[in-house]
Amino acid sequence: MMGLISSGINGVRVFDLPTGVWEDGVAVEAPRVCLVKWRSEWKDKFYQVYVNGYFAGVTVDCGQREMVVQTPSCYERAARVEVFAVEASEADVDFSDGLERGDGDGGRVRLSLLRSQRLPAGAMFEVYFDNGTGVVDYEHPIGGGQVWGCWQDKAGFGLARFGEGDFGYEWAGGVGFGIGGFGLDEFGVDADVIKWVSPALGAGAYRFGVKVIDERGNESVASETGEVVVIPAARPARGLDVLSFEETTNALALEVEDEK
């Protein structure tokens with residue numbers, strides 16, 4: 001597979017689509033819908049559009065140079081729109097796994113835990129952080145969840161207690177190759193993963209700690225992360241107007257309205 005082709009594509013432009021226009025010329029924007037246009041040197045390729053790293057649509061032929069796509073309904077950060085050329089045979093292939101998620105996590109941190117049978121059924125995990133101080137505060141958890149929703153007799157090869165599964169064939173209860181976290185357990189087989197997402201955090205460096213607490217209140221030893229740097233995405237410009245554009249010099253003058 002050749003995959004995504006970024007060369008030879010230029011002049012990518014994104015336009016808000018209005019649902020209507022008032023008499024004074026002010027447009028009423030359609031939420032979550034925009035028109036993407038581009039130029040391309042390719043004559044025999046299809047084109048795919050990705051929004052924040054996620055597949056948004058594909059052209060119907062090699063000559064199409066525009067597409068209407070949906071965008072996130074969030075006005076706190078800008079959306080990233082990308083156009084790629086692909087071979088006709090790969091037009092419907094979603095290549096988003098190979099792209100960076102352009103929207104990031106909005107100042108949030110993601111933690112992953114193995115759902116091993118070493119974790120007792122009915123237990124809870126709690127997440128703590130240092131609030132940027134460098135010392136994790138274990139008195140005030142900021143989140144958590146349940147380790148096991150219900151008891152399972154198999155957790156995946158190398159993750160179940162020996163003999164607890166069907167005569168020791170623990171792998172039969174794994175989440176499936178390519179579905180879970182590859183290589184996270186002792187034998188490199190895909191394992192079931194618990195994923196936790198933090199609240200939105202400000203810019204800074206943070207450390208996180210995780211404890212598992214069973215039904216009797218017994219706590220495990222805390223596992224801590226290294227330093228995690230959080231850089232929230234920039235908010236999109238507001239009140240931005242074009243003052244002038246000089247075609248001969250390609251000079252563009254912009255004005256930003258003061259929101260104070």
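Residues numbered from 1 in each chain as written. Predicted model: local features only at pLDDT ≥ 70, side-chain atom pairs only at ≥ 80, totals over all residues. Heavy atoms only, no water.

Caption draft 1: A look at the overall build of the protein chain. Counting secondary structure elements, the protein chain contains zero helices and 16 strands. In the protein chain, which comprises 260 residues, the share counted as buried stands at 32%. Within the protein chain, contacts between residues at least 6 apart in sequence are counted, and of these 60% link residues at least 24 apart. As displayed, the protein chain has an accessible area near 16,400 Å², and 52% of this comes from carbon and sulfur atoms. (Helix = DSSP H or I, 4+ residues; strand = E, 2+ residues; numbered from the N terminus. Buried < 20%, exposed > 50% of the residue type's maximum accessible area, 1.4 Å probe, protein only. Contact = heavy atoms within 4.5 Å. Areas by Shrake-Rupley, 256 points an atom, 1.4 Å probe, with all protein chains shown as cover.)

Caption draft 2: Examining the pairing of strand β12 (residues 208–213) more closely. Among the six residues in β12, six count as buried, and that is most of the element. Across the two faces of β12 the burial is the same, with F208, V210 and V212 and G209, K211 and I213 all buried. Here strand β8 (residues 124–129) pairs with β12 via six bridges, running antiparallel. Within β12, the residue paired with E126 across the bridge is K211. Both β12 and strand β13 (residues 223–224) contribute to a ladder of two bridges, which runs antiparallel. Looking at β13, one finds that G209 is bridged to E224. (Pairing = 2+ DSSP bridges.)

Caption draft 3: Main features of a nonpolar patch on the surface. There is a patch of nonpolar side chains on the surface, built from L240, V242, F245, L252, L254 and V256 and spanning about 590 Å² of accessible area. With respect to the element layout, V242 can be found in strand β15 (residues 240–246). (Patch = residues over 30% accessible without salt bridge, like charges linked within 9 Å, V, L, I, M, F, W, Y side chains within 5 Å. Salt bridge = Lys/Arg side-chain N within 4 Å of Asp/Glu carboxyl O.)

Caption draft 4: How the structure looks around the sheet that holds β13. Read from one edge of the open sheet, four strands run β9-β8-β12-β13, paired in antiparallel fashion. This sheet does not close on itself; its edge strands, each paired only once, are β9 (143–146) and β13.

Caption draft 5: Expanded view of the pattern of salt bridges. In total, this model carries five salt bridges according to the counting rule given. Two residues, E87 and K45, come together in a salt bridge whose shortest N-O distance is 3.5 Å. Highlighted residues: E87 in the loop between β6 (81–86) and β7 (110–114) and K45 in the loop between β2 (27–40) and β3 (46–51), separated in sequence by 42 residues. The buried category is assigned to K45, whose relative accessible area is 5%. What you see here is one network of salt bridges that share partners, running through D44, K45 and E87.

Caption draft 6: Inspection of the environment of L111 at higher detail. Along the chain, the position of L111 falls in strand β7. The contacts of L111, once residues within four sequence positions are left out, are V127, I194, K195, W196, F208, V210 and T225.

Caption draft 7: Representation of the packing of aromatic side chains. This model, assessed by the stated rule, comprises six aromatic pairs. Relative to Y47, the ring of W38 has its centre 5.7 Å away and its plane inclined at 50°; by these criteria the two rings are tilted. In textbook terms, an aromatic cluster arises when at least three aromatic residues are bridged by ring pairs, as seen for Y50, F55 and F84. (Phe/Tyr/Trp six-rings, centres within 6.5 Å; stacked < 30°, edge-to-face > 60°.)

Caption draft 8: Region of the structure containing the sheet that holds β6. If you trace the three strands from one edge of the open sheet to the other, you get β4-β3-β6, paired in antiparallel fashion. If you trace the sheet from one side to the other, it starts and ends with β4 (54–58) and β6, each paired once. On average, adjacent strands in this sheet sit at an angle of 30° to one another, irrespective of strand direction. With four bridges connecting them, β3 and β4 associate as antiparallel partners. Among the inter-strand pairings, V51 is bridged to a residue of β4, identified as Y54. (Axes fitted to C-alpha atoms, helices over the stretch in contact; angles between N-to-C directions.)

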